[in-house]
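Listed below are the residues making up each chain.
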Amino acid sequence: MPHSYLSHLYCPKTHEHYDAGQIQQLSAVGSPLLVAYDLDALKGDWRPADLVGREASLWRYHELLPVLDPNNVVSLGEGFTPLLRTPRIGRELGVDDLWLKDEGIIPTGSFKARGAAVGVSRAKELGVRALAMPTNGNAGAAWSLYAARAGIEATVVMPEDAPLITRNETAISGAHLYLVNGLISDAGKQVAQAVAEGGLYDASTLKEPYRIEGKKTMGLELAEQFGWRLPEVILYPTGGGVGLIGIHKAFKELRELGWIPADQPLPRLVAVQASGCAPIVRAWEARAAASEFWADSQTVAFGINVPKALGDFLVLEALYESEGYAIAVDDAELLAEQRKVAELEGAFVCPEGAALYAAARKLREGGWIRPGERVVILNTGAGIKYPDTVEVDVPLLQPGDRLPR
Ligand SMILES: *Cc1c(COP(=O)(O)O)cnc(C)c1O
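Residues numbered from 1 in each chain as written. Predicted model: local features only at pLDDT ≥ 70, side-chain atom pairs only at ≥ 80, totals over all residues. Heavy atoms only, no water.

### Digging into the packing of helix H7 (residues 211-225) against helix H8 (residues 242-257)
- Relative orientation of the contacting elements H7 and H8 amounts to 60°, with a least axis distance of 7 Å. Taken together, the axes of H7 and H8 lie oblique to each other. Handedness of the H7/H8 crossing: right-handed. Of H8, the residues touching H7 (which contributes Arg-211, Ile-212, Glu-213, Lys-215, Lys-216, Met-218, Gly-219, Leu-220 and Ala-223) are Val-242, Gly-243, Ile-245, Gly-246, Ile-247, Lys-249, Ala-250, Phe-251, Glu-253 and Leu-254.
- Here the residues of the contact of H7 with H8 are counted per class, giving 10 nonpolar, three polar and six charged. (Axes fitted to C-alpha atoms, helices over the stretch in contact; angles between N-to-C directions. Helix = DSSP H or I, 4+ residues; strand = E, 2+ residues; numbered from the N terminus. Parallel < 35°, antiparallel > 145°, perpendicular 65-115°, else oblique. Left-handed = near helix turned anticlockwise from the far one by under 90°. Contact = heavy atoms within 4.5 Å. Nonpolar A, V, L, I, M, F, W, Y, C, P; charged D, E, K, R; others polar.)

See below:
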């Protein structure tokens, strides 16, 4: 049996095929490329029982991942993150069957590690020596560290006000790091120019085909961890929307493999954005096929500050196909939920993850989430990566003072 059932790449706009054996970036019409597998062959060769005893990382699904030779896998032990019941915050929100998939427990502290592990591994397999990318922080940190492990040179450009810890993670990996006094879109233009001059692999979000495959594994894990019975609703903090596209792709692949029933509806996916940067929400409300650039975007949830996503049409397609929803929440709301989740469940989620609780509250109040439905919160990173979003006011004692009671 082959290690991977990778077949080819294709353009979701024109359906034209591309050779997966060569380095590819965007399609001829400027669309992200998607990865296809030989699911017919895989269907005969692979059963859920084959997963028993495999390593607890995302590589347990290697048949459905694009790395052909296991020697090219670059891993820091990513994936198979905990799926936790959260009954106390659930009761508070009126969602009785509420679960937390916690991506804070992953190398580099954010789920960008999934995309980086698979993206960097495949880049290594294709002979890439140097990559470049713009980032709001977490992706740059993850890709630099995985690139270091792979022996690939990384060049990263991030906004000056990206979270300091991600700057440090990127710098310590030995990457060439530049700060820009501007937005991720400005960083993107600088990277595009450097790539055009030659010699660099463009690892920008969705400009290489394999990051989606890494993030897809969240969908595979959810399916396996729930015993191949999918939840009704999954909330996802949406910036570039890579994970949302990936999770939906995972479920469709599992359905084709017959691992989940063909007649059951797929989970309704919810794209959650910050009200200071909500291009997907605006497009979804208008039932549009693509989004418009969101000017002067701003939010404390840095990972979802993406004014225009290259894969917006794929995100919207996944929302329409799954009969999902798109909703924006205020920074003040998400910060209040972040504290509540820590108090009630002991989980210090990142601001992006906290936004999902604010969204779940609204969707339950509005009746879109129905009583008894199983709902998953996908916390995309560790709260400890954003020390400055928590305001604390602590009494200072002098030695010998008594504790107030
Ligand atoms: C990047 C990021 C997101 C958004 O992910 P996309 O798949 O690009 O939408 C959400 N949360 C955190 C913590 C991130 O770093």
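### Regarding the sheet that holds strand E9 (residues 201-202)
- Here four strands make up an open sheet; going across it, the order is E8-E7-E6-E9 and the pairing parallel. Single-partner strands in this sheet number two, and they are strand E8 (176-180) and E9.
- Each of strand E6 (130-134) and strand E7 (153-159) touches helix H4 (residues 138-150); the most contacted strand, E6, lies at about 170° to it.
- Across the sheet, helix H6 (residues 184-196) lies against E6, E7, E8 and E9, angled at about 155° from E6, the strand it touches most. (Pairing = 2+ DSSP bridges.)

### Let's talk about helix H10 (residues 312-321)
- Counting buried residues along H10, seven of its 10 residues qualify, which places the element largely inside the surrounding structure.
- Residues Asp-312, Phe-313, Leu-314, Val-315, Leu-316, Ala-318 and Leu-319 constitute the buried set of H10.
- Tucked into the core, H10 has its buried residues touching strand E3 (34-37), H8, strand E11 (268-274), helix H9 (279-285) and strand E12 (325-329).
- At the exit of H10 stands Glu-323, carrying a positive phi of roughly 55°. (Buried < 20%, exposed > 50% of the residue type's maximum accessible area, 1.4 Å probe, protein only.)

### Concerning the packing of aromatic side chains
- Inspection of the entire model under this criterion finds six aromatic pairs.
- For the pair Phe-111 and Tyr-236, a centre-to-centre distance of 6.0 Å together with 55° between the ring planes defines the contact as tilted. With Phe-111 in the loop between strand E5 (97-102) and helix H3 (112-125) and Tyr-236 in strand E10 (residues 233-237), this residue pair connects regions lying 125 residues apart in the sequence.
- Centroid distance Trp-284 to Tyr-325: 4.6 Å. Interplanar angle 40°. Geometry classified as tilted. Separated by 41 residues along the polypeptide, Trp-284 in helix H9 and Tyr-325 in strand E12 bring together distant segments of the chain.
- Residue class for Tyr-325 comes out partly exposed when judged on its relative accessible area of 25%.
- The structure contains a cluster of three or more aromatic residues connected by ring pairs, namely Trp-46, Trp-228 and Trp-259. (Phe/Tyr/Trp six-rings, centres within 6.5 Å; stacked < 30°, edge-to-face > 60°.)

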